[in-house]
Amino acid sequence: MSALIGPKTNPLLQLIQWLRDPLDYMERNSQAFGDVFQSYFTGKPCVMVSSPQGLQEILTAPTFTAPGTLNEVARPLLGPNSLILLSDPEHNSRRKLLMPTFHGDRLFSYGQIIQEITEKVIGNWKLGDPFDVRESMQEITLRVILKAVFGLQEGDRLETLKTALVKRFEMTATGLGSTFIFLPFLRKDWGEWSPWGRIMAQQRSCDELIYSEIRDRRANPDPNRIDILNLLLTATDEAGETLTDGELRDELMTLLFAGHETTATALSWALYLIHQHPNVYKKLTEELTSLGSHSDPITIFKLPYLTAVCNETLRLYPVGMLTFCRLAKEPVSLLGYDLEADSVVVGSIYLAHRRPDIYPEPEQFKPDRFLNRQFSPYEFIPFGAGSRRCIGVALAQFEMKLVLATVLSQTKLQHHSPTHCLKPQRRGALLAMESGFTMVRMT
Ligand code: HEM
């Protein structure tokens, strides 16, 4: 057995390094210390793991758990009753409740909505005028999730809630606001003139709108609606209790937050990469054209090359660069290293996806690798694994494919600055891109 090693840098400095450039932090330390190393990227001890075998073990072995208490950073935005902050057994039963809304017929019923929303957003791109790709993708994914979650029709209510949420999410996505997530001691609410006070005020505006929606729906129940709020309003736990307004608010906020920025970022990377690689663009548009009049959502979902392009995008730039943290229940041996009970561990999805032994020329965008080889769920792991695996995985994949198919079939786009090479950048806890990435619609 070996003792764990890792960077000797002061924990606060490691946190700062992580906040400034998480990819550099992970790459440097995995080169120096290997697949398992003791890190302090949160300012506290946390073992970072990146080999498929190690990931499988920490995410699925019974010696590791996934308590919600490890996700406290999400509390100010999502609230204490969010799925992300729950621990078992509540976590497990809440997942069982939510899962069906993201699968099967319910999922496919969102197909037409996704296509219509995409067409509407495309309609706003004026020929020859540059448009901000991430903003457009965010517009699509936020509208989709608002419709799936609340069943809101186009109109003032949807617009008001959308505007309030975008403002709130933006406040902790970049700059000083994004450091509040990781540095709780900076969170001081001294009213509207203090940065945290402004964030909390905006949060209250969002909450009022969500609570008013919940009150309205309780007052006017409609069993025919198929949105997620309807399901949650009538759901009962083992004791026959329904969810309180506070519990509903936290779960709705969780789905809105987790469900839009992630998919929007993945879509933006996909559009960027497809248009950087003319051979990929050609092959993909040929596949889409070959559909002719059979372009229904389920056929699009099954297209092999489109699937390969989406997978390769999520491999190269995994939006969730880390899994949630896990906890060792007892002393355990992990890939030959001794871990004490209560050790906190995390999976690096980014490092797992950049392994040259699994992905030759890992920094190259090569969708064909997904046609030529089947990767294990711990080699290709953009949605995590085990008890906290992303519950929106099917919706995210479905949405990515439908949006890309609609955009590429109905428009011809070009990079606004063809030579500009986009760099990945941290946005809140996600791996995103520099802002201001623009494209131009040619036809
Ligand atoms: C490309 C899009 C997306 C990516 C890359 C992504 C990635 C992830 C990852 C890496 C995790 C952590 C898994 C783990 O620790 O094992 C996660 C969890 C989660 N995701 Fe996603 N996600 C995406 C889209 C979505 C969507 C569309 C929704 C909902 C509508 C969603 C809801 C959630 C929730 C609620 C969790 C927490 C699950 C739990 O605590 O049990 N995600 N996601």
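Each remark here, short or long, concerns the structure printed above.
Model, not experiment: these values are computed from the prediction.

The rules behind the values
Residues numbered from 1 in each chain as written. Predicted model: local features only at pLDDT ≥ 70, side-chain atom pairs only at ≥ 80, totals over all residues. Heavy atoms only, no water. Core = buried A, V, L, I, M, F, W, Y, C linked by side-chain atoms within 4.5 Å. Buried < 20%, exposed > 50% of the residue type's maximum accessible area, 1.4 Å probe, protein only. Helix = DSSP H or I, 4+ residues; strand = E, 2+ residues; numbered from the N terminus. Contact = heavy atoms within 4.5 Å. Near = heavy atom within 4 Å. Polar contact = N/O pair within 3.5 Å; in protein donor to acceptor, adjacent residues only side chain to side chain. Nonpolar A, V, L, I, M, F, W, Y, C, P; charged D, E, K, R; others polar. Pairing = 2+ DSSP bridges. Axes fitted to C-alpha atoms, helices over the stretch in contact; angles between N-to-C directions. Arc of directions from axis to C-beta. Parallel < 35°, antiparallel > 145°, perpendicular 65-115°, else oblique. Left-handed = near helix turned anticlockwise from the far one by under 90°. Phe/Tyr/Trp six-rings, centres within 6.5 Å; stacked < 30°, edge-to-face > 60°. Salt bridge = Lys/Arg side-chain N within 4 Å of Asp/Glu carboxyl O.

(A) Quick look at the nonpolar core. Grouped together as the largest cluster of nonpolar side chains are 96 residues, with contacts concentrated most on Met137, Phe150 and Leu256. No other element matches the 14 residues that helix H13 (residues 245-276) contributes to this core. Ignoring anything within four residues of it in the chain, the contact list for Leu256 reads Ile145, Leu146, Val149, Phe150, Leu165, Phe169 and Ile210.

(B) Region of the structure containing the environment of Ala32. Along the chain, the position of Ala32 falls in helix H2 (residues 22-33). Counting along the chain gives 182 residues from Ala32 to Ile214, while the straight-line C-alpha distance between them is 52 Å.

(C) Inspection of the site of the ligand at higher detail. Near the ligand lie 26 residues; those nearest to it are His91, Arg95, Phe324, Arg388 and Cys390. Between an oxygen atom of the ligand and a side-chain N or O atom of Arg388, the distance comes to 2.7 Å. Within the residue set of the shell around the ligand, elements represented by two or more residues are helix H5 (90-98) and H13. Class assignment for the residues of the shell around the ligand results in 14 nonpolar, eight polar and four charged.

(D) Geometry of the side chain of Arg427. Positionally, Arg427 belongs in strand S10 (residues 424-427). Only 2.7 Å separates the side chain of Arg427 from the side chain of Glu170, close enough to count as a polar contact. At 2.6 Å, the side chain of Arg427 and the side chain of Glu261 are in polar contact. The contact partners of Arg427, leaving out residues within four places of it in the chain, are Arg134, Gln138, Glu170, Ala173, Thr174, Glu261 and Ala432.

(E) Highlighting the sheet that holds strand S5 (residues 326-328). The strand order across the open sheet formed by five strands is S1-S2-S8-S5-S3, and the pairing between neighbours is mixed. Looking at strand neighbours, the two that pair on one side only are strand S1 (36-39) and strand S3 (64-65), the edges of this open sheet. Judged from the four bridges that link them, S1 and strand S2 (residues 46-49) form a sheet pairing that is antiparallel. Paired with Phe37 across the strands is Met48, a residue of S2. Sheet strands in contact with H2 are S1 and S2, and its direction is about 125° off that of S1.

(F) Broad picture of H5. Listed in full, the buried residues belonging to H5 are His91, Arg94, Arg95 and Leu98. In a view along the axis of H5, the buried residues occupy a sector of 105°, so they form one face of it. Looking at the buried residues of H5, the elements they touch are helix H12 (228-234) and H13.

(G) Just the packing of helix H9 (residues 156-171) against helix H11 (residues 195-219), in detail. The contact between H9 and H11 brings their axes to 9 Å, and the two run at 150°. Of the possible angle classes, the one that applies to H9 and H11 is roughly antiparallel. Crossing of H9 over H11 shows left-handed handedness. On the side of H9, the interface is formed by Arg157, Thr160, Leu161, Ala164, Leu165, Lys167, Arg168 and Met171, while H11 contributes Arg198, Ile199, Gln202, Gln203, Cys206, Leu209, Ile210, Glu213 and Asp216. Residue classes in the contact of H9 with H11 are distributed as eight nonpolar, three polar and six charged.

(H) Representation of the packing of aromatic side chains in the model. Under the defined criterion, the tally for this structure stands at 14 aromatic pairs. Aromatic pair Trp18 and Tyr25: ring centres 6.2 Å apart, planes at 90°, arrangement edge-to-face. Among the residues examined, Trp18 registers a relative accessible area of 3% and is labelled buried. Overall, the relative accessible area of 0% leaves Tyr25 in the buried class. Residues Phe370 and Phe380 carry aromatic rings whose centres are separated by 4.8 Å and whose planes lie at 70° to one another, so their mutual orientation is edge-to-face. Remark: Phe380 occurs in the loop between helix H18 (369-372) and helix H19 (393-410) and Phe370 occurs in helix H18; sequence separation between them is 10 residues. For Phe370, a relative accessible area of 14% corresponds to the buried category.

(I) Structural view of the pattern of salt bridges. Taken as a whole, this structure holds 23 salt bridges when the rule is applied. Across the pair Asp245 and Arg218 runs a salt bridge, and its minimum N-O distance is 2.7 Å. Highlighted residues: Asp245 in helix H13 and Arg218 in helix H11, separated in sequence by 27 residues. A salt bridge links Arg249 to Asp250, with the nearest nitrogen and oxygen atoms 2.9 Å apart. On the accessibility criterion, Arg249 (4% relative accessible area) is buried. Judged by its relative accessible area of 4%, Asp250 is buried. Salt bridges here are not isolated pairs; linked through shared partners, they connect Glu139, Arg143, Glu159 and Lys162.

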